[in-house]
Amino acid sequence: MSVTARPELSHLQALESEAIHVMREVAACFERPVMLFSGGKDSIVMLRLAEKAFRPGRFPFPLMHVDTGHNFPEVIEFRDRRVAELDERLIVASVQDSIDSGRAVEETGPRASRNRLQTVTLLDAIAEHGFDAAFGGARRDEERARAKERVLSFRDDFGQWDPKSQRPELWNLYNTRIRKGEHVRVFPLSNWTELDVWEYIDRERLEVPCIYFAHERDVFKRDGMLYAWREGVELIDGEEVFTERVRYRTVGDMSCTGGVRSAAVTLGEVVAEIAATRITERGETRADDRVSEAAMEDRKKAGYF
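Structure report, in brief. Residue positions are counted from 1 within each chain, in the order its sequence is given. Under the rules for a predicted model, residues below a pLDDT of 70 receive no local features and side-chain atom pairs below 80 are neither given nor counted, while totals for whole chains, interfaces and linings still include all residues. Excluded from the side-chain calculation are hydrogens and water; included are all heavy atoms of the structure.

### Side note on the sheet that holds strand S7 (residues 215-222)
Taken together, the four strands give a closed barrel; going around it, the order is S7-S8-S10-S9, and neighbouring strands pair in antiparallel fashion. Sheet twist, expressed as the average angle between the axes of neighbouring strands with direction ignored, equals 70°. In this scheme, strands are said to pair when DSSP sees at least two bridges between them. Numbering of helices and strands runs from the N terminus; a helix is a DSSP stretch of H or I covering at least four residues, while a strand is a stretch of E covering at least two. Pairing of S7 with strand S9 (residues 242-247), which is carried by five bridges, proceeds in the antiparallel orientation. Each bridged residue has a counterpart across the sheet, and for aspartate 218 the counterpart in S9 is threonine 243. With axes taken as lines fitted to C-alpha atoms, and helix axes fitted only over the stretch in contact, angles between N-to-C directions fall between 0 and 180 degrees.

Structure, rendered in structure tokens:
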């Protein structure tokens, strides 16, 4: 009797299957999960995976964005439009509200950024809504501290992360037990790379914000990075605003996110550009990761995503 061989999954199919399994497992085991959605490429991929995991029903969790108030306007427009198209619930946790209430202190000076203030806003939102699991788009290839992360990353009742107390994850089996006050950060894209993300976006023909493609923009150069110029930015002596053709590999807070010179205007050209680079997107375009060798790990221990 002949046995029909099982078709082998492609690399992207295997990653997709693993991520969908993680989402369904968390939805089944936790009472109040939430998915972080910023409008960036990784959270766009997570939305597509959630559609495949739970449609035609509604998502078994709301979406949430921690908004610094200094986000790229093109990304905020995309975020709101995409959520409306999906007819899902969006919670916006505002860093400005944290500042106004005295929960966070605004930085001053030309290198001021609200990016680090997101931690307080995130932890307050998790506590306010009683979320016990929060999906995020972090990947292990982004940064050395990310590489220490598990798919299910446990946080104590202060929201803090201890890399030495992470639980083992064998054969896609996850320990979902938590005590009162604890919660879990969930990273379905842990085993993806930036190239995997863009190849998946290209395969699925997903729409992404226009700033991911090369475009003319007013920028200024600081510490070897090209920052988007916006009203109110304080320049340092010798800096000047000029027009450059750039695109963005990541879409975080404008105060710490740099662009890269590029001619890529299609998904295929972006994929080719990423395949040729040897520097991660955070290593090339995120000033907040250059503060110290352990900048990301220090922020994660305090509760950062």
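There is more to say, and it comes next.
### Quick notes on the packing of helix H2 (residues 41-54) against helix H3 (residues 73-86)
Direction vectors running N to C along H2 and H3 enclose 5°, while the axes themselves pass 13 Å from each other. In terms of their interaxial angle, H2 and H3 are classed as roughly parallel. Contacts between H2 and H3 involve Ile44, Leu47 and Glu51 from the former and Phe78, Arg82 and Leu86 from the latter. Each angle gets one of four labels, with under 35 degrees taken as roughly parallel, over 145 as roughly antiparallel, 65 to 115 as roughly perpendicular, and the rest as oblique. Note on contacts: a residue pair qualifies if any of its non-hydrogen atoms lie within 4.5 Å across the two residues.

### Comments concerning the environment of valine 233
Position of valine 233 relative to the elements: it lies in the loop between strand S8 (225-228) and S9. Once the C-alpha coordinates of valine 233 and glycine 109 are considered, the two residues, 124 residues apart in sequence, prove to be 9.5 Å apart.

### Observations concerning the pairing of S8
Exposed residues in this analysis have more than 50% of their type's maximum accessible area, buried residues have under 20%, and partly exposed residues fall in between, with area computed by a 1.4 Å probe over protein chains only. Residue alternation in S8 divides its side chains into two sets, Met225 and Tyr227 and Leu226 and Ala228, and both sets are buried. Relative to S8, S7 runs antiparallel, the two being bridged by four bridges. Directly across from phenylalanine 220, in S8, lies its bridge partner tyrosine 227. Summarising the sheet, S8 and strand S10 (residues 258-261) pair through two bridges and their orientation is antiparallel. The partner of tyrosine 227 across the bridge, within S10, is glycine 258.

### Quick word on unusual backbone geometry
Omega for the peptide link from arginine 55 to proline 56 comes to 15°, which places this bond in the cis form. Assignment of secondary structure puts proline 56 in the loop between H2 and strand S2 (63-67). For aspartate 223, which is not glycine, the phi torsion reads 55° and is therefore positive. Note that aspartate 223 resides in the loop between S7 and S8.

### Brief notes about the packing of aromatic side chains
A pair of Phe, Tyr and Trp rings is counted when the ring centres sit within 6.5 Å of each other, with Trp represented by its six-membered ring. The angle between the planes then sorts it: under 30 degrees is stacked, over 60 is edge-to-face, the rest tilted. As enumerated under the stated definition, the model contains seven aromatic pairs in all. Taking 5.7 Å as the distance between ring centres and 85° as the angle between the ring planes, the aromatic pair formed by phenylalanine 54 and phenylalanine 61 counts as edge-to-face. Comparing phenylalanine 54 with phenylalanine 61 shows no difference in burial state: the two are buried. Taken together through their ring pairs, the aromatic side chains of Phe54, Phe59, Phe61 and Phe135 make up a single cluster.

### Things to note about the nonpolar core
Burial of nonpolar side chains together is a common tendency in soluble globular proteins. Definition used in this section: a nonpolar core is a set of buried Ala, Val, Leu, Ile, Met, Phe, Trp, Tyr and Cys residues joined via side-chain atoms within 4.5 Å. Within the largest apolar cluster, 57 residues are counted, with the highest numbers of intra-cluster contacts made by Met35, Leu49, Leu152, Trp192 and Trp198. Counting residues per element, this core draws most heavily on H2, at eight residues. Ignoring anything within four residues of it in the chain, the contact list for tryptophan 198 reads Lys41, Val208, Tyr212, Arg247, Leu267, Val270, Val271 and Ile274. Membership of the second largest hydrophobic core comes to 15 residues, among which are Met64, Ala104, Leu117 and Ala125.

### Quick look at a nonpolar patch on the surface
Patches were defined on residues exceeding 30% relative accessible area and lacking a salt bridge, with like-charge contacts within 9 Å and nonpolar side-chain contacts (Val, Leu, Ile, Met, Phe, Trp, Tyr) within 5 Å. The Shrake-Rupley method, run with a 1.4 Å probe sphere, supplies the accessible areas, and residue values consider only the shown protein chains as cover. The rule for a salt bridge is simple: a side-chain nitrogen of Lys or Arg has to be within 4 Å of a carboxyl oxygen of Asp or Glu. Together, Leu170, Trp171 and Leu173 line one region of the surface with nonpolar side chains, adding up to about 420 Å² of accessible area. Tracing the backbone through its elements, the reader meets leucine 170 in the loop between strand S5 (152-155) and strand S6 (183-186).

As far as function goes, none of this settles anything; it's purely spatial.
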